[in-house]
Amino acid sequence: MSMKKELAKEIRIMEEEIKELEIKRIRSMSAIIESIISKTEIGADEARFFRTYSAEIEVKREKLNILRREYRTKV
């Protein structure tokens, strides 16, 4: 497979992974917002999940940007 096709495949995979993590983060965010609205204590697990997913998304976005730059240079 050509290098450009391989990069395009990696980009698609990375985009899907980011989407899946964003869905998980939204679930945690919803629980946190519900706690704020109902004036109850935010669960430690939810806060930890939200931070973990946010950090993972940030790392994957950085990698995605690198892949996209590399893809553009192969054009």
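Residues numbered from 1 in each chain as written. Predicted model: local features only at pLDDT ≥ 70, side-chain atom pairs only at ≥ 80, totals over all residues. Heavy atoms only, no water.

Q: Sorry if this is basic, but what is going on with the nonpolar core here?
A: Note that soluble globular proteins tend to have their nonpolar side chains buried in a common cluster. Counting residues in each nonpolar core, the largest one holds nine residues, listed as Leu 7, Ile 11, Met 14, Ile 18, Leu 21, Tyr 53, Ile 57, Leu 64 and Leu 67. Mapped onto this core, the elements with two or more residues apiece are helix H1 (3-37) and helix H2 (44-73). A per-element tally of this core places H1 first, with five residues. Those residues in contact with Ile 11 that lie beyond four places of it in its chain are Leu 64, Leu 67, Arg 68 and Tyr 71. (Core = buried A, V, L, I, M, F, W, Y, C linked by side-chain atoms within 4.5 Å. Buried < 20%, exposed > 50% of the residue type's maximum accessible area, 1.4 Å probe, protein only. Helix = DSSP H or I, 4+ residues; strand = E, 2+ residues; numbered from the N terminus. Contact = heavy atoms within 4.5 Å.)

Q: Is there a simple way to explain the pattern of salt bridges in this structure?
A: Side chains that differ in sign of charge can pair as their charged atoms come close. In the structure shown here, the tally under the stated rule is five salt bridges. A salt bridge links Lys 60 to Glu 17; the nearest nitrogen and oxygen atoms lie 2.7 Å apart. Taken together, the residues Lys 60 in helix H2 and Glu 17 in helix H1 connect sequence positions 43 residues apart. The shortest N-O distance in the salt bridge between Glu 22 and Arg 61 comes to 2.3 Å. Of this pair, Glu 22 sits in helix H1 while Arg 61 sits in helix H2, and the two are 39 residues apart along the sequence. (Salt bridge = Lys/Arg side-chain N within 4 Å of Asp/Glu carboxyl O.)

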